[in-house]
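Working through the structure, step by step
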Amino acid sequence: MEKFEVNILGCGSALPTTRHFASSQILNIREKLFMIDCGEGAQMQMRKSKLKFSRLNHIFISHLHGDHCFGLPGLISTFGMLNRTAELHIHAHADLETLLTTQLNYFCKNLPYKVIFHAIDPSKEALIYEDRSITVHSIPLRHRIPCCGFLFAEKPRPNHILREMIDFYQIPIYELNKIKNGADYTTPQGEIIPNNRLTSPSLSPRRYAYCSDTIYKEDIIPQIHGVDLLFHEATFADSELSRAKETFHTTARQAAEIARKAEVKQLMLGHFSARYEDETILLKEASEIFLKCTLAKENLSINI
Ligand SMILES: [Zn+2]
Ligand SMILES: [Zn+2]
């Protein structure tokens, strides 16, 4: 199966610790890399994970808190030193262009490549990226400042041709594309051969949802329903429920509640508060609600 892999570069929250890097992930979809958030140290972590800089062309930023975007100037500068020529596309709240342009004009004069900003309206669910094989939609979240998550989805693939049936009915090659896309075949004698006798269905498209940072927000459930993997922030344990509300974050139990109600296949918790020496308590509280639950970890790679 073609690659659809989530690589965690950092899964801590805003306050630095020696245990975690700030938020950043790389999705490897068929050897094209997509970065989600770019906290400090993301470029070092990318090197460590042996992910090729040259394959990264699109970066998606959930919101403009430092722990999700302070890594950008360094990364952009490094790409310049490596003589990158390919355009780099950054999808983020419109303010990022203003903020980053000042820094790039000062620190990264004469970049050998173009940085292109695409403004996202985080309050809306919208298609923000599309290529031949995937789509990316924004997931409106609720945080102290405008914030959205991202839903990465493969496009449905054509059915597989059953070679022996094609030979049996002596179907000409020029008909095959239509058949792959679901058409029946009519023989020269006028007999209709239904598509399901000529093809087998392709695997169902894979989907990954990234939801960080946000207060508990049930109205995202229809959009992320049934995803193969949900990354949801779980900054706090139950004992900090009121703190979670005040700061517009989620507890591990609430993240699991979202996963259970959305009937996702797997949940990954992340964006851990610096107060936890280890996150066993978060895993324990979430697992009481939703069993297929794991903790994110730096340099962890999950194949969907
Ligand atoms: Zn954060
Ligand atoms: Zn934040």
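Data block above holds the structure.
These numbers come from a predicted model, not from an experiment. (Residues numbered from 1 in each chain as written. Chains lettered and ligands numbered in written order. Predicted model: local features only at pLDDT ≥ 70, side-chain atom pairs only at ≥ 80, totals over all residues. Heavy atoms only, no water.)

A closer look at the sheet that holds strand E9 (residues 148-154)
Pairing within the open sheet is mixed, and its seven strands lie in the order E7-E8-E9-E14-E15-E16-E17. In this open sheet, the two edge strands, each paired with only one partner strand, are strand E7 (127-130) and strand E17 (293-295). In this sheet, adjacent strand axes meet at a mean angle of 20 degrees when their direction is disregarded. Seen against the sheet, helix H10 (residues 280-287) touches strand E16 (267-270) and E17 and runs at an angle of roughly 170 degrees to E17. (Pairing = 2+ DSSP bridges. Helix = DSSP H or I, 4+ residues; strand = E, 2+ residues; numbered from the N terminus. Axes fitted to C-alpha atoms, helices over the stretch in contact; angles between N-to-C directions. Contact = heavy atoms within 4.5 Å.)

Section: the coordination of the zinc ion (ligand 1)
Looking at the zinc ion (ligand 1), one finds its protein donor set to be Asp-67 (OD), His-68 (NE2), Asp-213 (OD) and His-271 (NE2), positioned 2.1 to 2.2 Å from the metal centre. Considering all four donor atoms around the zinc ion (ligand 1), angles at the metal cover 92 to 169 degrees and the coordination shape is irregular. Written as a sequence motif, the donor residues of the zinc ion (ligand 1) are D-H-x144-D-x57-H. (Donors = N, O, S within 2.8 Å, 3.2 Å for Na, K, Ca; no water. Tetrahedral: all angles 85-135°; square planar, octahedral: opposite > 155°, others 65-115°.)

Notes on the coordination of the zinc ion (ligand 2)
Working reference: metal with six octahedral donors, ideal angles 90 or 180 degrees; metal with four tetrahedral donors, ideal angle 109.5 degrees. Looking at the metal site, the zinc ion (ligand 2) is ligated by His-63 (NE2), His-65 (ND1), His-143 (NE2) and Asp-213 (OD), spaced 2.1 to 2.4 Å from it. Angles of 90 to 170 degrees at the metal separate the four donor atoms of the zinc ion (ligand 2), which places the site in the irregular class. Counting the intervening residues between successive donors of the zinc ion (ligand 2) yields the motif H-x1-H-x77-H-x69-D. A separation of 3.4 Å is found between the zinc ion (ligand 2) and the zinc ion (ligand 1), which are bridged by Asp-213. Pair noted here: His-143 is in the loop between strand E8 (134-140) and E9 and Asp-213 is in the loop between strand E14 (207-211) and helix H7 (221-224), with a separation of 70 residues, a long-range link. Classification of His-143 by relative accessible area gives buried; the value is 8%. (Buried < 20%, exposed > 50% of the residue type's maximum accessible area, 1.4 Å probe, protein only.)

Notes on the packing of aromatic side chains
Scanning the model with the defined rule gives 11 aromatic pairs in all. Geometrically, the ring pair formed by Phe-34 and Phe-60 is tilted, given 6.5 Å between the ring centres and 45 degrees between the ring planes. Remark: Phe-60 occurs in strand E4 (residues 56-60) and Phe-34 occurs in strand E3 (residues 32-38); sequence separation between them is 26 residues. Under the relative-accessibility criterion, Phe-34 is labelled buried at 2%. A residue is classified by how much of its surface remains accessible, and Phe-60, at 0% relative accessible area, is buried. Between the aromatic rings of Phe-34 and Tyr-129, the centroid separation amounts to 5.5 Å while the plane-to-plane angle is 65 degrees, which identifies the pairing as edge-to-face. (Phe/Tyr/Trp six-rings, centres within 6.5 Å; stacked < 30°, edge-to-face > 60°.)

A few points about the sheet that holds E4
Strand pairing in a sheet relies on backbone hydrogen bonds. The paired strands run either parallel or antiparallel. Read from one edge to the other, the open sheet built from seven strands follows the order E6-E5-E4-E3-E2-E1-E18, with strand pairing classed as mixed. Edge positions in the sheet fall to strand E6 (115-120) and strand E18 (301-303), since each has one partner strand and no second. Adjacent strand axes in the sheet meet at a mean angle of 20 degrees when their direction is disregarded. Examined bridge by bridge, strand E1 (residues 4-10) and E18 share three bridges and lie antiparallel to one another. Looking at the pairing, Val-6 lines up with Ile-302 of E18. Docked against the sheet, helix H4 (residues 95-107) engages strand E5 (88-93) and E6, running at close to 130 degrees with respect to E5.

With respect to the nonpolar core
Core analysis: the largest hydrophobic core is formed by 54 residues, its most contacted members being Phe-150, Phe-152, Tyr-208, Ile-224, Leu-230 and Leu-269. The element best represented in this core is helix H9 (residues 252-261), accounting for five residues. When neighbours within four sequence positions are excluded, Phe-150 is seen to be in contact with Ile-36, Phe-60, Ile-61, Ser-62, Ile-120, Ile-128, Val-136, His-137, Ile-139, Tyr-208, Ala-209 and Tyr-210. Listed in part, the 27 residues of the second largest apolar core include Leu-9, Ile-61, Cys-69 and Leu-100. (Core = buried A, V, L, I, M, F, W, Y, C linked by side-chain atoms within 4.5 Å.)

Concerning the pairing of strand E2 (residues 24-29)
Within E2, six of the six residues are buried, which leaves the element mostly enclosed by the surrounding structure. Taking every second residue as pointing to the same face, both faces of E2 are buried, with Ser-24, Ile-26 and Asn-28 on one and Gln-25, Leu-27 and Ile-29 on the other. In this sheet, E3 lies alongside E2 in antiparallel orientation, the contact comprising six bridges. The residue bridging Ile-29 from the neighbouring strand is Lys-32, located in E3. Following E2, the chain reverses through two residues before pairing antiparallel with E3; Arg-30 in that reversal takes a positive phi of roughly 55 degrees.

A closer look at helix H3 (residues 72-81)
Counting buried positions over the 10 residues of H3 gives seven, a clear majority of the element. Leu-72, Pro-73, Leu-75, Ile-76, Thr-78, Phe-79 and Gly-80 are the residues of H3 that are buried. Note on H3: the residue one or two positions beyond its end, Asn-83, has a positive phi of about 55 degrees.

A look at unusual backbone geometry
Here Ser-212 and Asp-213 are connected by a cis peptide whose omega angle stands at 0 degrees. Within the chain, Arg-30 stands out as a residue other than glycine whose phi angle is a positive 55 degrees. Although it is not a glycine, Glu-31 adopts a positive phi angle of roughly 70 degrees. Position of Glu-31 relative to the elements: it lies in the loop between E2 and E3.

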